[in-house]
Amino acid sequence: MESTYGVIDKAVAVHDPVVTIRDVYLQRGPRPILTGATLSVNRGEIIALMGASGSGKTTLLRAIAGLETFDKGAIAVDGVTMGGGPSTAASIRDLRRKVGMVFQFHCLFEHMSAVQNVWLAPVHVHRVAQPVAEHRAIELMRTLGVDHRARALPRELSGGEAQRVAIARALATDPPVLLMDEPTASLDPARRSELSALLRTLVSRQRTLLIATHDEEFAHSAATRVLHVSGGRVSS
Amino acid sequence: MRSFAAWILVLATSTLASAQSSQPPFRWAGDPEGGAPYVEASPTDPNTLVGFDVEIADLMARGLGRAPQFVLVSFYQIDQSVSRGDAEIGLSGIEDTVARRTTMAVTVPYYAFREVLSVRDGDAGKYRTLSDLAGRRVATLAGTIAYDILLRGEREYGLTAVSYEDDLHPYSDLVLGRVDAVLLDNVLADRRKRTISGFTIQPATVAGSHYVGVFAQANATLRDRANDILKQAMRDGTLERIFRKWQVWNDEQPPLYKAVLASETIPAVTGIDTGESAATMSWWRATARYFPALVRASLVTIALSCLSMALAVTLGILIASGRVYGQRGVRMFLTGYVELVRGTPVLLQLFVLYYGIAAAIKLPAFAAAFLGLALNYAAYESEIYRSALEAVSVGQLEAARTLGFSERQVLTLIRGPQAFRFALAPMMNDFIALLKDSSLVSVLTVMELTKQTQIFATNIGSWVIPGTLCAAMYLMMSLPLSVLARRLEERWKAPTA
């Protein structure tokens, strides 16, 4: 059952695991970061990963996005499975077609306009014709309420605008899983509330969100499930 | 080899110093690079200078009751150095020219020489005079009487004058086939004939002149005393003994000495019309005469700088990419290249490219200059690009990777363009530096702006007008680049935070 925002109600998330993390270990130097992290996320869920700084929640997202090589265990995203140790370029490429990521500091490409940031991957990775990709990018930005800033450079955007453009960029390739790292870190309370509503509008039965956050209020308002990361492990 | 400022190095002091310590030393300027028989470091003791000009300097110093003190000055700067007081006299096979007589206080001539043509043995029957060399390249030393003669030859016979900064490479390039003839004086030709085979010195005299000492015009009194010493040495056979010792005495000297001692008027140069010498013209006329050559030389400078920079940028990008992305072996090789190029003088690199590998690859002068500058600047550019690539934040690269870009796409779409903004200012700075460094290639006989200016200055005996014109032309080339750089920086301004 969909709400007025097109969200999935917590009760109706079906048992259709789209992200499966099984017993993942990751160590950097002498310091263990993930120590047997295990997690299963169903399609359509919004998962909030909460935990103290250094608990491993951001590292877990980065491992799911293929930005961190883990030592052992397995991560499967929508049918693409990564094992411990270095992965092949092909498996990384396949994984990244399944995952979009919004970074804490947005990381918009500084030399490009907002709309270019959004259509760049569809054109160069998914071979969509540029006019088509640009049209879709504008539509997506309109959905997110930042189409009026399409030609602005990242340095000309406010924090909230930059975040919406970053979300649009991550969604432009239509990944089934969207990862967000500390999305409320640079937002005031009013913007946090807006973001919470926005994320709910974004979620359909085909998309899943994993959000690493410190913000308990936001986590409970936005997520369908709130999990805790501590000592490199995930618990409910 | 070249130096623009008259840099000074005291190499030796006379053994007479202790006996004549009350008198200031007699400072004389020369260039040991000219070598024997003029001035050279002794083969048995490199700290000691030998040569007939060394002995003439000693002779004068003794006559003046002073100790000789050698001042090292580049051959091309001796007049200017003497004029500004670095030394009292210049002696280093200095030619007696109308310009010099106009702008300096020259001594009486002490040695007569002939300008002679040298050609490859196989061409001895074909190229006997300059008029036989239409369409051919004829080499000589820049800023000499021979160079003036060749410039006339360009107009009258259609030959091409090629200017060198030393007297060895014209002959080695003659034998290699880079030039078809060499016009220099008989002393230099005979000297090279002893060590380089494969060329013939034609017997005909193209022009005649003499070696003289030069004093500053304000030092005419000292010049007159030096003249008295020279004349006495002509009378008592001292000069003959010196020149016989250095195996350059010949039948042309006694008539010269007779004329000097008889106080006859001796023309600076014989065999060519010197009525149109730049030194006797008004500055305005001289400028009008040399201006087209300066413009042509500027075009050479621009073409050389643009081509070299284009190749340097291309190679620099490839080297930087290789150093950032390459395998260990590639990185080590490229690092080695960068360190080798940065650790050795560009002048040495130019020499190696043009002369050093000439036996295997005979590069034309412009090509060697272009390659030399490009290969040198590529090393510096690569360091700029490497640091610029590494300055792009990891977040930008990770954002690109999570969107599915390949590493090549990350480089070409994200990292490269962002690095370019960081590199822009130092790169434009290097381009302006290259414009000026291009003056170094005159050692490879490329006639660029600074070299042409130097010839202009030598011929009119002053740096004021040539130097001002040269500076104005360099500014006209570099200022638009500076403006362009500022505009590009403004347009592609890198984020400040």
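It should be emphasised that the depicted structure is a prediction, and the values quoted were computed from it without experimental measurement. (Residues numbered from 1 in each chain as written. Chains lettered and ligands numbered in written order. Predicted model: local features only at pLDDT ≥ 70, side-chain atom pairs only at ≥ 80, totals over all residues.)

**So, the overall build of chain A**
Quick note on the threshold: Only DSSP runs of H or I reaching four residues or more are called helices, and only runs of E reaching two or more are called strands; each is numbered from the N terminus. Just to be clear, the radius of gyration here is over C-alpha atoms, and the globule rule we use is 2.2 Å times residues to the power 0.38. With C-beta atoms placed from the backbone, a residue is labelled by how many other C-beta atoms lie within 10 Å of its own: buried for 20 or more, exposed for 12 or fewer, partly exposed between the two. The contact criterion used here is simple: two residues whose C-beta atoms, placed from the backbone, lie within 7 Å are in contact.
Scanning chain A for helices and strands turns up 7 helices and 10 strands. Taking 2.2 N^0.38 as the reference for a compact globule, 236 residues should give roughly 18 Å; the C-alpha atoms of chain A span a radius of gyration of 17 Å, in line with that estimate. Residues counted as buried form 46% of the 236 residues belonging to chain A. Partitioning the intrachain contacts of chain A with sequence separation of at least 6 by distance along the chain shows that 68% fall at a separation of at least 24.

**Re the overall build of chain B**
In terms of helices and strands, chain B carries 17 helices and 13 strands. Structurally, chain B occupies a C-alpha span of about 95 × 60 × 50 Å along its principal axes. Across chain B, contacts joining residues at least 24 apart in sequence account for 76% of those joining residues at least 6 apart.

**Things to note about the packing of helix α1 (residues 52-64) of chain B against helix α7 (residues 220-235) of chain B**
Residues and elements named next belong to chain B. Condition: The angle between two axes is taken between their N-to-C directions and runs from 0 to 180 degrees, where each axis is a line fitted to C-alpha atoms and a helix contributes only its stretch in contact. The cut-offs work like this: below 35 degrees is roughly parallel, past 145 is roughly antiparallel, 65 to 115 is roughly perpendicular, and the gaps in between are oblique. Handedness of each helix crossing follows the sense of rotation of the near helix against the far helix: counterclockwise by less than a right angle gives left-handed, clockwise gives right-handed. Under the scheme applied here, ten amino acids are nonpolar (Ala, Val, Leu, Ile, Met, Phe, Trp, Tyr, Cys and Pro), four are charged (Asp, Glu, Lys and Arg), and all others, including Gly, are polar.
At a minimum axis distance of 10 Å, the contact between α1 and α7 shows a crossing angle of 115 degrees. Comparing their axes, α7 and α1 come out roughly perpendicular. Classified by chirality, the crossing of α7 by α1 is right-handed. On the side of α1, the interface is formed by Leu59, Met60, Gly63 and Leu64, while α7 contributes Arg225, Ala226, Ile229 and Ala233. Among the residues making up the contact of α1 with α7, the classes are represented as 6 nonpolar, 1 polar and 1 charged.

**Some words on the interface of chain B and chain A**
Listed as interface residues are 16 residues of chain B and, on the opposing side, 19 residues of chain A. Secondary structure elements with two or more residues in the side of chain B that touches chain A: α14 (394-402) and α15 (407-437) of chain B. A class-by-class count of the residues in the side of chain B that touches chain A yields 7 nonpolar, 6 polar and 3 charged.

**As for the sheet that holds strand β9 (residues 225-230) of chain A**
Residues and elements named next belong to chain A. Defined as follows: Only when DSSP finds a minimum of two bridges between them are two strands counted as paired.
What the 6 strands build is an open sheet, ordered β6-β7-β8-β3-β9-β10; its pairing is mixed. If you trace the sheet from one side to the other, it starts and ends with β6 (99-102) and β10 (233-235), each paired once. The average undirected angle you get between the axes of adjacent strands in this sheet is 25 degrees. The sheet contact formed by strand β3 (residues 46-50) and strand β8 (residues 208-213) spans 5 bridges and is parallel. Bridging across to β8, Ala48 finds its partner in Ile211. Here helix α1 (residues 57-64) sits on the sheet and contacts β3, β6, β7 (177-181), β8 and β9; the angle it forms with β8, its principal contact strand, is near 145 degrees.

**Structural notes on α7 of chain B**
Residue and element names in this part refer to chain B. The following threshold applies: Expected helix span is taken as 1.5 Å per residue step, with the number of steps being one fewer than the number of residues. Here the arc refers to the directions that run from the helix axis out to each C-beta atom.
Here α7 spans 22 Å end to end across 16 residues, near enough to the 22 Å set by a 1.5 Å rise per residue. Residues of α7 that are buried include every one of Arg223, Ala226, Asn227, Leu230, Ala233 and Met234, and no others. Down the axis of α7, the buried set is contained in an arc of 125 degrees. They therefore lie on one face. Seen from the buried face of α7, the exposed residues on the opposite side, beyond 90 degrees, are Thr221, Arg225 and Arg235. Turning to α7, the residues buried within the fold contact α1, β6 (89-90), β7 (105-106), β13 (214-215), α8 (238-245) and α9 (253-261). Two residues or fewer after α7 comes Gly237, characterised by a positive phi angle close to 85 degrees.

**Here's the deal with the sheet that holds strand β2 (residues 31-42) of chain A**
Backbone-to-backbone hydrogen bonds join strands into a sheet, with any given pair of strands oriented parallel or antiparallel. All names here are of chain A. Strands sit in the order β2-β1-β4-β5 across an open sheet of 4 strands; the sheet is antiparallel. Pairing within the sheet leaves two strands with one partner each, and these edge strands are β2 and β5 (80-83). Neighbour-to-neighbour, the strand axes of the sheet open up by a mean angle of 15 degrees, direction not taken into account. Across the sheet, helix α2 (residues 89-96) touches β4 (72-77) and β5, and the angle it forms with β5 is around 130 degrees.

**Quick look at the packing of helix α11 (residues 328-343) of chain B against helix α13 (residues 365-391) of chain B**
Packed helix pairs are specified by the crossing angle of their axes together with the interaxial distance, meaning the distance between the axes. Residues and elements named next belong to chain B. It is at 9 Å that the axes of α11 and α13 come closest, and there the two elements cross at 120 degrees. In terms of axis orientation, α11 runs oblique to α13. In this structure, the crossing between α11 and α13 has a hand that is left-handed. Residues Tyr337, Val338, Val341 and Arg342 of α11 form the contact with α13, whose participating residues are Leu375, Asn376, Ala379, Tyr380, Ser382 and Glu383. Class assignment for the residues of the contact of α11 with α13 results in 6 nonpolar, 2 polar and 2 charged.

**Thoughts on helix α3 (residues 114-124) of chain A**
Structural remark: α-helix, 3.6 residues per turn; residues separated by three or four positions point the same way. Across the 11 residues that make up α3 of chain A, a large majority, 8, are buried. Buried residues of α3 of chain A: Ala114, Val115, Asn117, Val118, Trp119, Leu120, Ala121 and Pro122 of chain A, and no others. For α3 of chain A, the secondary structure elements touched by its buried residues are α4 (130-143) and α5 (159-171) of chain A together with α15 of chain B.

**Looking at the pairing of strand β10 (residues 160-164) of chain B**
Residues and elements named next belong to chain B. Selection criterion: By convention, a crossover is right-handed whenever its connection, traced from the first strand over the helix to the second and viewed with the strands pointing away, goes clockwise.
Of all 5 residues that make up β10, 4 are buried, and the element is covered over most of its length. Across 5 bridges, strand β9 (residues 137-141) lies against β10 in parallel orientation. By the bridge assignment, Arg137 is partnered in β10 with Thr160. Following the backbone out of β9, through helix α4 (residues 145-157) and into the adjacent parallel β10, one traces a crossover that is right-handed.

**Examining the nonpolar core**
Keep this limit in mind: To form a nonpolar core, buried Ala, Val, Leu, Ile, Met, Phe, Trp, Tyr and Cys residues must be joined through C-beta atoms within 7 Å.
Ile64, Leu210 and Ile211 of chain A are the most contacted members of the largest nonpolar core, which has 211 residues in total. Those residues in contact with Ile211 of chain A that lie beyond four places of it in its chain are Ile46, Ile47, Ala48, Leu49, Met180, Pro183, Ala222 and Ala223 of chain A.

**Structural notes on the domain arrangement of chain B**
Residue and element names in this part refer to chain B. The condition that has to hold: Domain borders in the structure are assigned automatically or taken from a domain database.
For chain B, the domain assignment lists domain 1 (10-110 + 212-274), domain 2 (112-209) and domain 3 (284-491). Domain 1 and domain 3 are separated by 42 Å when their C-alpha centres are compared. Domain 1 puts 7 residues into the contact, and the matching count from domain 3 is 7 residues. Considering every element that reaches the side of domain 1 that touches domain 3, the biggest residue donor is helix α3 (residues 98-103), with 4 residues. For the side of domain 1 that touches domain 3, the residue count by class is 2 nonpolar, 3 polar and 2 charged.

**Topic: the environment of Leu95 of chain A**
All names here are of chain A. Among the structural elements, Leu95 can be located in helix α2. For Leu95, a count of 23 C-beta atoms within 10 Å corresponds to the buried category. Separated by 106 residues in the primary sequence, Leu95 and Thr201 have C-alpha atoms spaced 25 Å apart.

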